[in-house]
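Single-letter residue listing:
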Amino acid sequence: MRSGDGRRTKAGIHLLAGAAALALSACSTVGGDQQAGAPGQESVATKLLLGNANPPPITPPVDDALKRDCPPIEILDGTAAFRAYDPPSATDPFSVRYQANLVDTARQCSSLGVEAAIRVGVTGRVILGPKGAPGAFRLPLRVAVVDEADKPIYSQVHVIDVVVPAGQTQAQFPHLEQDIVVPIPENRFRGWRILVGYDPKGVPAGAVRRSARR
């Protein structure tokens, strides 16, 4: 019996040794894609195997040149102001109800890899005319991006709501366009332009309504 127990003991030792070697081999496989020189850092594959598949988000490459190559902003002739009359068919300056002007613009480009994100900031002002009164106004503002051949790559009209408070004769409004994503062209936006201006023809009829007289 002792002889049999000895054989079983030796077999158990060999089995434990084999299991230990297998475990070491498995540990080496799980951590095998760790970067050299970075001990203690779990790889993405390790986190996936261990049930912690939540790697940090991929950071787009920094492209400082793209910031400099960002298309310039232009305001086309005839779109820098939006004027409303009472009656609408009038052209007499004394019949002006209100006039909206563009005060300032700014833009910023950032890299998304093969695409660029463009943010456009616009500041405008509404000034009441001789026939104007405080109230709510809706202004049709278009923001567009065109390439070197003046082909529209992006174009969107926004109806901006502006309120001139009681006792006031003007009000300023901001608008931020931040959903513009365009492919980065080979010419790095050479000849491209960002166009900003009022476009009453670009919105459905009735969208630009009169203010309430008070």
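Rules behind the numbers
- Residues numbered from 1 in each chain as written.
- Predicted model: local features only at pLDDT ≥ 70, side-chain atom pairs only at ≥ 80, totals over all residues.
- Heavy atoms only, no water.
- Pairing = 2+ DSSP bridges.
- Helix = DSSP H or I, 4+ residues; strand = E, 2+ residues; numbered from the N terminus.
- Core = buried A, V, L, I, M, F, W, Y, C linked by side-chain atoms within 4.5 Å.
- Buried < 20%, exposed > 50% of the residue type's maximum accessible area, 1.4 Å probe, protein only.
- Disulfide = S-S within 2.5 Å.
- Salt bridge = Lys/Arg side-chain N within 4 Å of Asp/Glu carboxyl O.
- Contact = heavy atoms within 4.5 Å.

**Student:** Describe the sheet that holds strand 1 (residues 73-74), and please don't skip the residues or the numbers.
**Tutor:** Taken together, four strands build an open sheet; the order of strands is 1-8-5-6 and the sheet is mixed. Each edge of the open sheet is held by one strand with a lone partner, namely strand 1 and strand 6 (152-164). Both strand 5 (residues 135-146) and strand 8 (residues 193-198) contribute to a ladder of six bridges, which runs antiparallel. Within strand 8, the residue paired with Arg142 across the bridge is Gly197.

**Student:** Describe the nonpolar core, naming the residues involved and giving the relevant values.
**Tutor:** If you look at the biggest cluster of nonpolar residues, it comprises 33 residues, and the most contacted ones within it are Tyr98, Val120, Val126, Leu139, Ile180, Val196 and Tyr198. Those elements that provide at least two residues to this core are strand 2 (81-85), strand 3 (96-111), strand 4 (115-128), strand 5, strand 6, strand 7 (170-183) and strand 8. The element best represented in this core is strand 4, accounting for six residues.

**Student:** I'd love a proper account of the state of the cysteines, names of residues and values included.
**Tutor:** For the structure shown, the criterion picks out one disulfide. For Cys70, the disulfide goes to Cys109, at an S-S distance of 1.9 Å. Because the sign of the S-S torsion sets the handedness, a value of about 65 degrees for the bond joining Cys70 and Cys109 places this disulfide among the right-handed ones. Of this pair, Cys70 sits in the loop between helix 3 (64-69) and strand 1 while Cys109 sits in strand 3, placing them 39 residues apart in sequence. The same class applies to Cys70 as to Cys109, namely buried.

**Student:** Kindly report on the pattern of salt bridges, identifying the contributing residues and their values.
**Tutor:** Under the definition given, this model contains five salt bridges. For the salt bridge of Arg188 with Asp69, the shortest nitrogen-to-oxygen distance reads 3.5 Å. Residue Arg188 is found in the loop between strand 7 and strand 8, and its partner Asp69 is found in helix 3; the two are separated by 119 residues along the sequence. The residue Asp161 makes a salt bridge to Arg138 at a minimum N-O spacing of 2.7 Å. Of this pair, Asp161 sits in strand 6 while Arg138 sits in strand 5; the two residues are 23 residues apart in sequence, bridging distant segments of the chain. Look at Arg138 and you get partly exposed, because its relative accessible area is 26%. A network of salt bridges, in which partner residues are shared, links Glu74, Asp150 and Arg193.

**Student:** Go over the side chain of Thr79, please, and point to the residues and values.
**Tutor:** On the secondary structure map, Thr79 appears in the loop between strand 1 and strand 2. The buried category is assigned to Thr79, whose relative accessible area is 17%. In contact with Thr79, not counting residues within four places along its chain, are Leu102, Val196, Gly197 and Tyr198.

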